[in-house]
Amino acid sequence: MASLPEFSFRRWSAWAPAMSVADNWLAWARCETSLPDHEETAAVRAMPPLLRRRSHPLGRAALEALYAPELAYADQPIILCSRHGEIDRSAILLQALATEGKVSPQEFSMSVHNAIPGLFLIARQSRSPVIALASENRLALSGITEALVRLADGVSSVILIFCDAPLPMLFRPFVYNEPTCFAFALEMTAGRDYRLACNDTDTAPSQEADSAPMSDSALPLLRFILDERESALPLSADWRLSRLEAGHA
């Protein structure tokens, strides 16, 4: 089997309630703090108010991460990865459809998965391509795989944005619920820091990775990138993200 391409994450940004500073996220990655369990909506002051008002809390979290100066967005392709997207809007639309037989066109247009990056690109007057992905428990794997395809097509870097929020009470008994609204963005480029590894064909995973539980959330990906103590992160039953040693052959 041919070696899979290697890559790097050059820049990152993240937002969650009371977690707007990089030091907060680094402390969280080291398990020194946990994500606060309270409500707060990202300000997104960089976006024109007429567009900002169209976004709900999840959209604002993602927009705040995209606008972050440390990400330095420069019209790269965007891959948005969200397990449920604007599920609060979708739930309201479904209830309206059941009771009234019709839905608001504007609310529907903002409930689709690509609405968040679309709003961002409208504000920037950018024609950059957008891909929106949803996956039950392979969100990180799906996003990284899609980004590798974009890099193989010749782009120099891709912006991966992961975002999700707590589910409406209607759905919580049936599926994993995120602890809080969050979003994080990663600039993925060609490099020599990481590689996707298949558990069947590549070197056996480390003891830490082999015993680590699978997560339905994308947050472990950010923790793995920020906290460099682990050598591998399981992304599915078959695939893991491996951290490469500096100067490897």
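First things first, this report covers the structure right here in the doc. (Residues numbered from 1 in each chain as written. Predicted model: local features only at pLDDT ≥ 70, side-chain atom pairs only at ≥ 80, totals over all residues. Heavy atoms only, no water.)

## A word on the side chain of Arg-60
So, step 1. Here Arg-60 lies in helix α3 (residues 57–67).
So, step 2. Filtering out sequence-adjacent residues up to four positions away, Arg-60 remains in contact with Thr-41, Ala-42, Ala-43, Val-44, Arg-52, Arg-53 and Ser-55. (Helix = DSSP H or I, 4+ residues; strand = E, 2+ residues; numbered from the N terminus. Contact = heavy atoms within 4.5 Å.)

## Remarks on the packing of helix α1 (residues 22–29) against helix α9 (residues 219–226)
So, step 1. Their axes nearest at 9 Å, the elements α1 and α9 cross at an angle of 95°. Our classification of the angle between α1 and α9 gives roughly perpendicular. Residues Trp-25, Leu-26, Trp-28 and Ala-29 of α1 lie in contact with α9, whose contacting residues are Leu-219, Leu-222, Arg-223 and Leu-226. (Axes fitted to C-alpha atoms, helices over the stretch in contact; angles between N-to-C directions. Parallel < 35°, antiparallel > 145°, perpendicular 65-115°, else oblique.)

## Considering the pattern of salt bridges
So, step 1. By the definition in use, this model includes eleven salt bridges.
So, step 2. With its nearest N and O atoms 3.7 Å apart, the salt bridge here joins Arg-124 to Asp-75. Highlighted residues: Arg-124 in helix α6 (residues 115–124) and Asp-75 in the loop between α3 and β2 (78–81), separated in sequence by 49 residues.
So, step 3. Overall, the relative accessible area of 34% leaves Arg-124 in the partly exposed class.
So, step 4. With a shortest N-O distance of 3.4 Å, Asp-153 and Arg-150 are connected by a salt bridge.
So, step 5. Salt bridges sharing common partners tie together Glu-6, Arg-192 and Arg-195. (Salt bridge = Lys/Arg side-chain N within 4 Å of Asp/Glu carboxyl O. Buried < 20%, exposed > 50% of the residue type's maximum accessible area, 1.4 Å probe, protein only.)

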